[in-house]
Each structure stands twice: as C-alpha cells, then as structure tokens.
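Per-entry structural report
One letter stands for each residue in the lines below.
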Amino acid sequence: MTSPVKHLTMEELEAGLVAIRKSPSEGGVLELIVRRPDVNAREVLQEGALDVRTGLVGDTWSLRGSSRTADGTPHPDMQLNIMNARAIALLAQTRERWPLAGDQLFIDIDLTDANLPSGTRLAIGSAVIQVTGQPHTGCDKFASHFGPAATRFVNSPAGKELHLRGINARVVQSGIIRVGDAVTKV
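Everything quoted here is computed from the prediction, not taken from an experiment. (Residues numbered from 1 in each chain as written. Predicted model: local features only at pLDDT ≥ 70, side-chain atom pairs only at ≥ 80, totals over all residues. Heavy atoms only, no water.)

The number of helices and strands found in the protein chain is six helices and eleven strands. The C-alpha radius of gyration computed for the protein chain amounts to 15 Å, which stays within 12% of the reference 16 Å derived for 186 residues, consistent with globular compactness. In terms of overall dimensions, the protein chain has C-alpha extents of about 40 × 35 × 35 Å along its principal axes. Within the protein chain, the fraction of its 186 residues that count as buried is 47%. Here the protein chain contributes 20 positive and 20 negative side-chain charges, whose respective centroids are spaced 1 Å apart. (Helix = DSSP H or I, 4+ residues; strand = E, 2+ residues; numbered from the N terminus. Rg over C-alpha atoms; globule rule 2.2 N^0.38 Å. Buried < 20%, exposed > 50% of the residue type's maximum accessible area, 1.4 Å probe, protein only. Lys, Arg positive; Asp, Glu negative; His and termini not counted. Charge placed at Lys NZ, Arg CZ, Asp CG, Glu CD.)

What follows is the structure, encoded as structure tokens:
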C-alpha cells in the first residue's frame, strides 16, 4: 500500500521559488513527454512525434473542443501545454506524479514573458514549436492532484510572472522529440 502524498503548504511552495527562478533562459532540456490518449489517461513517452496539424501525435488535443474558439473546435494556439520542470518537481514531489498536471511537455527553461514572449520559436529535436499568447489556466483537477495551496501558488503574482501553471504553444515544424533533447530559441 502506498502512502498518500502530502500536499505542500504555501510556505513550502514559496521556498521552492529560489530553484524555479534558476531555470535556464537560453538553453533548456526536455525532461518529460506525456501523451493524453483519452480523458484522464496519460502515457509517458521517451520519444514523441510533433505534427503541425495534430500536435503531439496520439494526444487527444485534436479531438477536444475549446470554449476559446467561435465554433468550439480545438484551439490551434493551444496544441501543446508546457510546464516548467522545476515547478512540477516541486508541486508533484515525485516524478511519477508529473503527468497528473495534464501538460504534454515538461521543460527545464524559464517560461516568463521576458524570456519566452508570445511568438518565440523553440527547437526541440527535429521539431520547432512557437509560444502562443493563449493563457494556460489549467483545470479543476489541478487542486485535487496538488492541493489548494498549489492552486493559490501558481495563481499568485510570482506564479503568474513565472508561468508556474505553464504556457501554450503550437507546432510550426513537424519532427521527432526525445526526453533529454536540448531546447533552444530559434
């Protein structure tokens, strides 16, 4: 029997800001790829294919409607959800819990607007993605997985500045990505 995970307090979370603020600004690393093949299902991949039309191949993004499009179709600027690897390491406490966040890519890189403004292109493996201006607000499941303090933390002024809940991106050049790939601005 596994012991339940203790949700961190706001004080414990705020103490983790020091490490998060040390995220690299120029060259990052792809730490984890997670495909969502169905609602509430997660597959951790060592390698994935990014496609300009469907996002992460095998993920359900292309089947999910969006309240942010006039016709309810999937939002093209929300193909990929990206979270800072240091932020999820703090929130999840164990790597096995990272996929619970619901994001597809976990990258050790500074996600602030100052470092990755909307329109920034990132090369990962043979693919290129572009940061979009669509806010990544997360879902109701986030608090149940990581605790109410975690929700307050990612929505705090520091959390919003650092994009602790993550950012959105779209694929602009199809290609193959692998855990451990360098992530560079292009």
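Moving on, we come to the side chain of Arg-97. Tracing the chain through its elements places Arg-97 in the loop between helix 3 (85–92) and strand 6 (105–108). At 8.0 Å, Glu-96 is the nearest oppositely charged side chain to Arg-97, a buried residue that forms no salt bridge. Reaching out from Arg-97, the side chain makes a polar contact with the backbone oxygen of His-145 at a distance of 2.5 Å. Ignoring sequence-local partners within four residues, the contact set of Arg-97 consists of Val-5, Ala-92, His-145 and Phe-146. (Salt bridge = Lys/Arg side-chain N within 4 Å of Asp/Glu carboxyl O. Polar contact = N/O pair within 3.5 Å; in protein donor to acceptor, adjacent residues only side chain to side chain. Contact = heavy atoms within 4.5 Å.)

With that settled, the discussion passes to the sheet that holds strand 3 (residues 47–51). Ordered in space as 4-3-10, the three strands form an open sheet in which the pairing is antiparallel. Every interior strand has two partners, whereas the edge strands, strand 4 (55–56) and strand 10 (175–178), have only one. Where strand 3 and strand 4 come together, two bridges link them in antiparallel fashion. For Asp-51, the partnering residue across the bridge sits in strand 4 and is Gly-55. (Pairing = 2+ DSSP bridges.)

So, about the pattern of salt bridges. Under the criterion given, the structure shown has eleven salt bridges. A salt bridge links Glu-31 to Arg-95; the nearest nitrogen and oxygen atoms lie 3.6 Å apart. Linking Glu-31 in strand 1 (residues 27–35) with Arg-95 in the loop between helix 3 and strand 6, this pair joins segments that are 64 residues apart in sequence. Two residues, Asp-59 and Arg-36, come together in a salt bridge whose shortest N-O distance is 2.9 Å. Here Asp-59 is found in the loop between strand 4 and strand 5 (80–84), whereas its partner Arg-36 is found in the loop between strand 1 and strand 2 (43–45), with 23 residues between them in sequence. Accessibility assignment for this pair places Asp-59 and Arg-36 in one class, buried.

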